[in-house]
Structure formats: C-alpha cells, structure tokens
Amino acid sequence: MEILAKVSTTFWRFHFYPAVIAALLLTLLFPTFFGVANASFVQSAAIYERFSPLIGLILFLPLYLPDISEETTLLIKTKRFAYVTILVLRFIQIILVLLLLTCGCLAIFEYSNATIEFDRFLFSGLANALFMGGLYAVGFSFSNQPIAGLILPLGYYVASLFTGDKYLKIFYLFTLSEKDTASKLVLFFCGTLFIIISFLIMKRRT
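None of the values given here were measured: they were computed from a predicted structure. (Residues numbered from 1 in each chain as written. Predicted model: local features only at pLDDT ≥ 70, side-chain atom pairs only at ≥ 80, totals over all residues. Heavy atoms only, no water.)

An account of the overall build of the protein is requested, with residue identities and associated values reported.
Secondary structure assignment for the protein yields eight helices and zero strands. Tracing the protein from N to C terminus, the helices and strands come up as α-α-α-α-α-α-α-α. For the protein, the C-alpha radius of gyration of 18 Å lies close to 17 Å, the compact-globule estimate for 206 residues. Split into buried and exposed, the 206 residues of the protein put 45% on the buried side. Residue pairs at least 24 apart in sequence account for 75% of intrachain contacts in the protein once pairs closer than 6 positions are excluded. About 10600 Å² of surface is accessible on the protein, with carbon and sulfur atoms providing 69% of the total. Put simply, the protein has 15 plus and 11 minus side-chain charges, and the middle of one group is 10 Å from the middle of the other. (Helix = DSSP H or I, 4+ residues; strand = E, 2+ residues; numbered from the N terminus. Rg over C-alpha atoms; globule rule 2.2 N^0.38 Å. Buried < 20%, exposed > 50% of the residue type's maximum accessible area, 1.4 Å probe, protein only. Contact = heavy atoms within 4.5 Å. Areas by Shrake-Rupley, 256 points an atom, 1.4 Å probe, with all protein chains shown as cover. Lys, Arg positive; Asp, Glu negative; His and termini not counted. Charge placed at Lys NZ, Arg CZ, Asp CG, Glu CD.)

Please set out the environment of F109 residue by residue, giving values where relevant.
Its location among the elements puts F109 in helix α4 (residues 83-111). Of the residues examined, F109 reaches a relative accessible area of 0% and is grouped as buried. Here the alpha-carbon distance between F109 and I86, two residues 23 residues apart in the chain, equals 35 Å.

I'd love a proper account of helix α6 (residues 146-163), names of residues and values included.
Compared with the 26 Å implied by 1.5 Å per residue over 18 residues, the 26 Å span of α6 between its first and last C-alpha is a close match. Taking the largest bend as the criterion, α6 deviates by roughly 25°, centred on L152, and proline P153 comes between one and four positions later. Those residues of α6 not exposed but buried are G149, L150, P153, Y156, Y157 and S160. With its phi angle positive at about 65°, G164 sits one or two positions after the end of α6. (Expected span 1.5 Å × (residues − 1). Bend = angle between axes of the 7 residues up to and from the residue.)

Right under this line is the structure:
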C-alpha cells in the first residue's frame, strides 16, 4: 500500500501537476473570455463543448509519460506490483481532477446566470473528455510517442468542428445543444473501451 501511495504521489509531483495547472487555467479563462453571462442553453452548450474536450485531453496527456523513462520501466519490470494497477491509479487521479474541474466550470456558468442543465452538461463533458482521452491513449499505446498519440484526438476534434455530423454520425462531438443522450453514451462507452485496450497493449510491452 505504501509503495502504491508513493507511485501515485510521484506521478502527481513529476508528471501530472503541470497538466492540472494548464487545465485549470483553461477552465477559468474560457467562460470569461467567451462571455457566458446570461447565455441561452444553446449558447452555453456550444461554448462548453468547444473547450471541455480539450480540458479532458490535457489531463490525459501524462497518463503514460512516466513510462517513457528508463527508471520507471526498470521499476515496473521488478514486478513488485502490477503495471495495470499503476495505470488504474493514474486513471483515477485523472478522472477525479476532471470531475472537479468540470463541476467548477459548470459552477462558473451558473454564477454567470447562463442557462444549463447541470447533470446533462456534466455527463456530456465527461463523455467527451473520456473519448478524447481514450483516442490519445490508444494512439500512444501503438506509437509510444505523445505527439503521435495526439494525432487521433486532435484530428477527431477538427473533423467535428468542420464536418459536423454528416460523416461522424453518432460519434459527432458537439450534440449537447440537441440534448442527444445516445451519442454521449456511445462516446462514454467507446472512450472507456479505448482506455482498457490501451492498458492491455501497454501491459504486453512491459
């Protein structure tokens, strides 16, 4: 238990906190910069969905970064504890911070008198973030390179921006304004599946 706590602390201190700071700044700045005060439901949804996936992606960036270093790889190979356990601990930290930042962001919307449905916005943000993070995780697990891992989620984000739902169909990212719960469930499930697949691929490499 002590070793696992140390592993979690090390991940936070040396890899995770810069991503948390960046995500926090984006969370605080975009509602103010894009003026959510007194926004309608459609306006709130449009602004929220343009930035919440990016916040999630930022938080997922450090998921596998510690494993690039030779020291961490050697530690994992000692088999003192399961590598998947380490990944699950990192994932839990990411999800907890994502949940806190998402709730904080929605609190800013409510304070600004923007029209939102808290539960719907919360699930939508988590689903989008998990799907983006899952795409990054799968990309990284195949390439073992952070830059290569970013190609999938950023390409998907740009495709959502410029093609709409014409080609992406149920995988279209920006459906909150239409209150489309089905597409968010698909994104949530697929994001979770991608994370699990990436865990299994990375485990086979150790």
